[in-house]
Amino acid sequence: MRSLAVGSPHPGAAFAARRRRFHPSAANRDSISQRCWRCEKTQDCSFGSSLRISRLPGTLHRDVSKNFLAPTAAVSVEQAETTVDIPKGDMWSVHKFGGTCMGTSQRIQNVADIVLRDPSERKLVVVSAMSKVTDMMYNLVNKAQSRDDSYITALDEVFEKHMGTAKDLLGGEDLARFLSQLHADISNLKAMLRAIYIAGHATESFSDFVVGHGELWSAQMLSYAIKKSGTPCSWMDTREVLVVNPSGSNQVDPDYLESEKRLEKWFAQRPAETIIATGFIASTPDNIPTTLKRDGSDFSAAIIGSLVKARQVTIWTDVDGVFSADPRKVSEAVILSTLSYQEAWEMSYFGANVLHPRTIIPVMKYNIPIVIRNIFNTSAPGTMICQQPANEDGDLDGCVKAFATIDKLALVNVEGTGMAGVPGTASAIFGAVKDVGANVIMISQASSEHSVCFAVPEKEVASVSAALHVRFREALAAGRLSKVEVIHNCSILAAVGLRMASTPGVSATLFDALAKANINVRAIAQGCSEYNITVVLKQEDCVRALRAAHSRFFLSKTTLAVGIIGPGLIGRTLLNQLKDQAAVLKENMNIDLRVVGITGSRTMVLSDIGIDLTQWKEKLQTEAEPANLDKFVHHLSENHFFPNRVLVDCTADTSVASHYYDWLKKGIHVITPNKKANSGPLDRYLKLRTLQRASYTHYFYEATVGAGLPIISTLRGLLETGDKILRIEGIFSGTLSYIFNNFEGARTFSDVVAEAKEAGYTEPDPRDDLSGTDVARKVIILARESGLRLELSDIPVRSLVPEPLRSCTSADEYMQKLPSFDQDWARERKDAETAGEVLRYVGVVDVVNNMGQVELRRYKRDHPFAQLSGSDNIIAFTTSRYKEQPLIVRGPGAGAEVTAGGVFSDILRLSSYLGAPS
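Residues numbered from 1 in each chain as written. Predicted model: local features only at pLDDT ≥ 70, side-chain atom pairs only at ≥ 80, totals over all residues. Heavy atoms only, no water.

**Details of the environment of tryptophan 235**
Reasoning step 1: With respect to the secondary-structure elements, tryptophan 235 resides in strand β5 (residues 234–236).
Reasoning step 2: The class of tryptophan 235 is buried, set by a relative accessible area of 13%.
Reasoning step 3: Sequence spacing of tryptophan 235 and leucine 216 is 19 residues, and the spatial spacing of their C-alpha atoms is 9.0 Å. (Helix = DSSP H or I, 4+ residues; strand = E, 2+ residues; numbered from the N terminus. Buried < 20%, exposed > 50% of the residue type's maximum accessible area, 1.4 Å probe, protein only.)

And the structure:
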């Protein structure tokens, strides 16, 4: 067998010579049928192929198993040379099957079955190499030019892979023909790789020639698989048809006129109704083998589809269609039924796994639809890419079709006052970038021309920065440019949609969603076509940003990562309420609450995706780790999968409350029934409220006053609508409400307190309730909400704990000594009853006099405060609008269920603010 040495002819010349033999001139026409196309011998060739005539009617074809061209007996060569116009139009259906679809013998057979089921009059099928084969072929070249002897073993693996597949798929003469061709090709490749090994270098054309064999083999195997069903089928080496011109930047431009001529000539010799064509490979105008570069098989299918003006081009892959976002990052991503050509182009440019970026161009000219379908789920209709009308209604819904992201970018900012109004600055910047071969992903420039920023791949930014510093060395030294800045670890988020054009509110909606997720945008770009809005942000924020934007535009579930601090009585009740309501919230309100952490004072349990709330108690015992509040918060804040995070503090701990400011600064929302933060030092409260008002981070504390009653929200509603608060008076303690509602008749005060303690209305030590401190905290919270700047120490409080009992060392000691003061309480009750009044423990906010107080008061029996029962709270708002008849809020103000319900209500209010349907 002939070997290819370093001085052997260029592979393109050999291929061109073979091509001339495929398409003979009059001068050599008579000799064609008697020569082997590889070794030129007229007798048995060195590849083990004896000469023979193939007699398929009406064709002049290459018998691939015997490596030569054989004219038919029925038709002369002159007749075969007669031009036969290839039929064009809707009778053609083009399919493209990628490497995954062709990955095994079974999958190749599945492909054959799909092709056979297609009822189209004519079918043209474009195939990629088997899965991983293209990488294997590139690896062969790399090993050979690195003078790594293992290329021989690697080539054997390629051979074994295809031989094994063929033996599983084919049989009889078809198998013999394919294996004969495979042996011959492997022998040639071995010689070619040996030459590369000796030279220590492979030109691009050498590499393309080697790599393209994967498509040749897969096309032949599929054609044999279809033929064995009895359906006539030809296979096309597209290097004989597709002609492309290198255009730099690792791209090629198709020569459509020449390709069409060659397709006409090819079809004149092989007018089959089913054609299997190789993807990815083509030829230059000089007949030198080349490729359409990585993932070019889609491009091949689109080019061929445009040449035959096909009805549609179907791209078969391993997904059900084009998703609205990467489903690995957004679990609620939906399959899009349609996309416009422009939308698909934008998405592919921004990294979405849709199509080869240039696939759209050939089919747009003839409005040929492209359909993306799943070979593993043929019942799915897929996504159709076609021409679509513009948004005539200007409706915001549906104007954004999808979101795409690009990671591992750096943002380069060139800034300086000397740039303004100076022609050629941008040209100089991007000329320097071009000189180092960097790819600019996005450009943004302020209208003041003070700065230009652009995004490049992270791996290229060092060379870009160095080139710019060299190019503008003098301008930087002179101060005309202030800096060339590089911001690392960036990502791009692109919102894509044809109907964004002229639709008001799209940008506002996008940026509102990002702001509510506490995402900072570094740069923005939008073309006048408005097909996409591009933002640059921190790479660590990219997934959260994607989920937040997708949730807003697609009404996918508003997902909230929740951290529960304090699984005590209220926290435990809240967790049970969340468990019972989670499914309803998902189904009816599109709210997905994920409790990703629960921590007590001793242990905590963490989860990246959410704790199963049916087993949270067990997990807190069996999977718990030592409690660490810093680690707990870090786990929540660094969870980039969820766009929104909230900490729910169900404790009464001052130290926990002291962290609220830091949590809000980190973009974590805070919800709490803990009164310590809002009733603590005034400066800390004001600092907390200022931060909350200045950001999109929310701080809700409705349950700090009145448990589940809408006290805080009612007060805010009055103030925000312009009403003026004059006075707030109320019974704020459910415990003390119960005690004084039942302290009547002949009952003693100590008996009523003991009953309240036994019923669970009081704290373990009733003095915590009877001291009045808890009521004072509620008063100070309402006073500050009303605009008063008061400290807790400014509130005079009448304690219901007798002075001698305040030093008792335990609750039991207190309860034992309390009856000794029953006569004093009985006397005070009798005085009230004599006057037709009742005793009530109240808190008062006197806004007019800038004061507050907590005291035991007497009210007439017809007063609303005297009408309470059980542990109800009642609050009366006297305002400019409600001066004669105060606005009253009344209801249960104590108990774990209502308090947890108030916290739950705040969680749902937060979800609504973050985009959930209200």
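Alright, that's what it looks like, and here's the rest.
**A closer look at the packing of helix α6 (residues 172–199) against helix α7 (residues 204–211)**
Packed helices, taken two at a time, are described by their axes: the angle between them and the distance between them.
Reasoning step 1: Taken N-terminus to C-terminus, the directions of α6 and α7 make an angle of 150 degrees; their axes are 11 Å apart at the nearest point. Between α6 and α7, the angle falls in the class roughly antiparallel. Helix-helix and strand crossings are classified by hand; for α6 and α7 the assignment is left-handed. Between α6 and α7, the contacting residues are Leu189, Met192, Leu193 and Ile196 on the first element and Phe206, Phe209 and Val210 on the second.
Reasoning step 2: Of the residues belonging to the contact of α6 with α7, the class tally is 7 nonpolar, no polar and no charged. (Axes fitted to C-alpha atoms, helices over the stretch in contact; angles between N-to-C directions. Parallel < 35°, antiparallel > 145°, perpendicular 65-115°, else oblique. Left-handed = near helix turned anticlockwise from the far one by under 90°. Contact = heavy atoms within 4.5 Å. Nonpolar A, V, L, I, M, F, W, Y, C, P; charged D, E, K, R; others polar.)

**Here's the deal with the sheet that holds strand β28 (residues 725–731)**
Reasoning step 1: The antiparallel open sheet is built from 5 strands, whose spatial order is β30-β29-β28-β31-β32. The open sheet is flanked by β30 (851–860) and β32 (887–892), the only strands paired with a single partner. For this sheet, the mean inter-axis angle between neighbouring strands, taken without regard to orientation, is 20 degrees.
Reasoning step 2: Of the strand pairs in this sheet, β28 and strand β29 (residues 837–846) are connected by 4 bridges, and their pairing is antiparallel. When the bridges of β29 are listed, glycine 730 appears paired with glycine 843.
Reasoning step 3: Helix α31 (residues 822–834) rests against β29 and β30 of the sheet, and its axis sits at about 90 degrees to β29. (Pairing = 2+ DSSP bridges.)

**As for a nonpolar patch on the surface**
Reasoning step 1: Taken together, the side chains of Tyr256, Trp345, Tyr349 and Ile361 present a nonpolar region at the surface, about 350 Å² in accessible area.
Reasoning step 2: By secondary structure assignment, the location of tryptophan 345 is in helix α11 (residues 341–349). (Patch = residues over 30% accessible without salt bridge, like charges linked within 9 Å, V, L, I, M, F, W, Y side chains within 5 Å. Areas by Shrake-Rupley, 256 points an atom, 1.4 Å probe, with all protein chains shown as cover. Salt bridge = Lys/Arg side-chain N within 4 Å of Asp/Glu carboxyl O.)

**So, the sheet that holds strand β19 (residues 521–526)**
Reasoning step 1: With respect to topology, 6 strands assemble into an open sheet ordered β16-β17-β15-β18-β20-β19, the strand pairing being antiparallel. Looking at which strands have only one partner, the edges of the open sheet turn out to be β16 (442–445) and β19. Strand-to-strand twist of the sheet, defined as the mean angle between neighbouring strand axes without regard to direction, takes the value 30 degrees.
Reasoning step 2: Pairing of strand β18 (residues 483–496) with strand β20 (residues 532–538), which is carried by 7 bridges, proceeds in the antiparallel orientation. Residue pairing in the sheet places alanine 495 in a bridge with isoleucine 533 of β20.

**Focus on the side chain of histidine 162**
Reasoning step 1: Checked against the element boundaries, histidine 162 lands in helix α5 (residues 151–169).
Reasoning step 2: A residue is classified by how much of its surface remains accessible, and histidine 162, at 0% relative accessible area, is buried.
Reasoning step 3: With residues up to four places along the chain from it excluded, the contact list for histidine 162 reads Met130, Val133, Phe178, Leu182, Trp217 and Met221.

**A few points about the pairing of strand β15 (residues 402–415)**
Reasoning step 1: Burial analysis of β15 places 12 of its 14 residues in the buried class, the great majority of the element.
Reasoning step 2: One ladder, built from 11 bridges, connects β15 with β18; its direction is antiparallel. Each residue of the ladder has a partner; that of alanine 404, found in β18, is alanine 494.
Reasoning step 3: Taken together, the 7 bridges between β15 and strand β17 (residues 451–457) define a ladder with antiparallel strand orientation. The partner of leucine 409 across the bridge, within β17, is proline 457.

**Side note on helix α3 (residues 105–117)**
Reasoning step 1: Counted at 1.5 Å a residue, the expected span for α3 with its 13 residues is 18 Å, and the 18 Å between its end C-alpha atoms agrees.
Reasoning step 2: In this structure, the buried residues of α3 make contact with β3 (92–97), β4 (122–127), α5, α8 (213–227), β8 (274–278) and β11 (312–317). (Expected span 1.5 Å × (residues − 1).)

**A closer look at the nonpolar core**
Reasoning step 1: Trp663, Ile728, Ile739, Phe740, Leu770 and Leu782 are the most contacted members of the largest nonpolar core, which has 69 residues in total.
Reasoning step 2: The greatest single-element share of this core, amounting to 7 residues, is contributed by helix α29 (residues 773–785).
Reasoning step 3: Built from parts of two domains, this core gets at least three residues from each of domain 3 (558–704 + 906–914) and domain 4 (711–894).
Reasoning step 4: Leave out the neighbours within four places in its chain, and isoleucine 739 touches Phe749, Val752, Val753, Ala756 and Leu770.
Reasoning step 5: Counting 57 residues, the second largest nonpolar core, distinct from the first, contains Ala144, Ala154, Phe159 and Phe280. (Core = buried A, V, L, I, M, F, W, Y, C linked by side-chain atoms within 4.5 Å. Domains from an automatic or database assignment.)

**Considering the pairing of strand β7 (residues 251–254)**
Reasoning step 1: The alternating pattern of β7 places Val252 and Pro254 on a buried face, while none of Gln251 and Asp253, on the opposite face, is buried.
Reasoning step 2: In terms of strand pairing, strand β6 (residues 244–248) meets β7 through 4 bridges, oriented antiparallel. Bridge assignment links valine 244 to a residue of β7, and that residue is proline 254.

**Re helix α26 (residues 734–742)**
Since the α-helix advances by 3.6 residues per turn, residues separated by three or four positions end up pointing in the same direction.
Reasoning step 1: Taken across its 9 residues, α26 has 8 buried, putting it largely inside the fold.
Reasoning step 2: Here α26 has its buried residues at Gly734, Thr735, Leu736, Ser737, Tyr738, Ile739, Phe740 and Asn741.
Reasoning step 3: Regarding α26, its N-cap is serine 733, as a side-chain oxygen of that residue lies 3.3 Å from the backbone nitrogen of threonine 735 further along. (Polar contact = N/O pair within 3.5 Å; in protein donor to acceptor, adjacent residues only side chain to side chain.)

**Focus on the side chain of threonine 134**
Reasoning step 1: Tracing the backbone through its elements, the reader meets threonine 134 in helix α4 (residues 133–145).
Reasoning step 2: By relative accessible area, threonine 134 is classed as buried at 15%.
Reasoning step 3: Among residues more than four places away in sequence, those in contact with threonine 134 are Ala129, Val211, Glu215 and Arg294.

**Some details on unusual backbone geometry**
Reasoning step 1: In this model, arginine 147 sits at a positive phi of 60 degrees, which is unusual for a non-glycine residue.
Reasoning step 2: When you line up the elements, arginine 147 lands in the loop between α4 and α5.
Reasoning step 3: The phi angle at asparagine 287 is positive, at roughly 65 degrees, despite the residue not being glycine.

**A closer look at the pattern of salt bridges**
Any two side chains of opposite charge can pair, so long as their charged atoms come close to each other.
Reasoning step 1: All chains considered together, the criterion is met by 39 salt bridges.
Reasoning step 2: The shortest N-O distance in the salt bridge between glutamate 264 and lysine 88 comes to 3.9 Å. Of this pair, glutamate 264 sits in helix α9 (residues 256–269) while lysine 88 sits in the loop between α2 (77–81) and β3; the two residues are 176 residues apart in sequence, bridging distant segments of the chain.
Reasoning step 3: Given a relative accessible area of 16%, glutamate 264 falls into the buried group.
Reasoning step 4: Residue class for lysine 88 comes out partly exposed when judged on its relative accessible area of 26%.
Reasoning step 5: Between glutamate 623 and lysine 619 there is a salt bridge; the shortest N-O distance is 3.3 Å.
Reasoning step 6: Since its relative accessible area comes to 47%, glutamate 623 is described here as partly exposed.
Reasoning step 7: A relative accessible area of 17% places lysine 619 in the buried class.
Reasoning step 8: Each of Arg727, Glu729, Glu855 and Arg857 takes part in a single network of salt bridges with overlapping partners.

**Overview of the packing of α4 against α6**
Reasoning step 1: At a minimum axis distance of 7 Å, the contact between α4 and α6 shows a crossing angle of 40 degrees. In this view, α4 runs oblique relative to α6, as classed from their interaxial angle. In the packing of α4 onto α6, the handedness of the crossing is right-handed. Within the contact between the two elements, α4 uses Met137, Leu140, Val141, Ala144 and Gln145 and α6 uses Leu189, Leu193, Ile196 and Tyr197.
Reasoning step 2: Looking at the contact of α4 with α6 residue by residue, the class counts come to 8 nonpolar, 1 polar and no charged.

**What to know about the environment of threonine 735**
Reasoning step 1: One can find threonine 735 in helix α26.
Reasoning step 2: Sequence-wise, threonine 735 and tyrosine 761 are 26 residues apart; in three dimensions their C-alpha atoms are separated by 5.3 Å.
Reasoning step 3: Excluding residues that lie within four positions of it along the chain, threonine 735 makes contacts with Tyr761, Thr762 and Asp769.

**As for the packing of aromatic side chains**
Reasoning step 1: The full count for this structure, using the stated rule, is 16 aromatic pairs.
Reasoning step 2: Between tyrosine 151 and tyrosine 197 the ring centres are 5.7 Å apart and the planes differ by 40 degrees, which places this aromatic pair in the tilted class. Of the two residues, tyrosine 151 is situated in helix α5 and tyrosine 197 in helix α6; the sequence distance between them amounts to 46 residues.
Reasoning step 3: The exposure class of tyrosine 197 is buried, given its relative accessible area of 17%.
Reasoning step 4: For the ring pair phenylalanine 740 and phenylalanine 749, a centre distance of 6.1 Å and an interplane angle of 50 degrees mean the geometry is tilted.
Reasoning step 5: A residue is classified by how much of its surface remains accessible, and phenylalanine 749, at 0% relative accessible area, is buried.
Reasoning step 6: These aromatic residues form a ring-pair network of at least three members: Tyr660, Trp663, Tyr699 and Tyr701.
Reasoning step 7: A cation sits over an aromatic face here: arginine 471 above phenylalanine 472, 5.2 Å from the ring centre.
Reasoning step 8: Here the basic side chain of arginine 829 rests over the ring of phenylalanine 743, its NZ or CZ set 4.3 Å away from the ring centre. (Phe/Tyr/Trp six-rings, centres within 6.5 Å; stacked < 30°, edge-to-face > 60°. Lys NZ or Arg CZ within 6 Å of the ring centre and 35° of its normal.)

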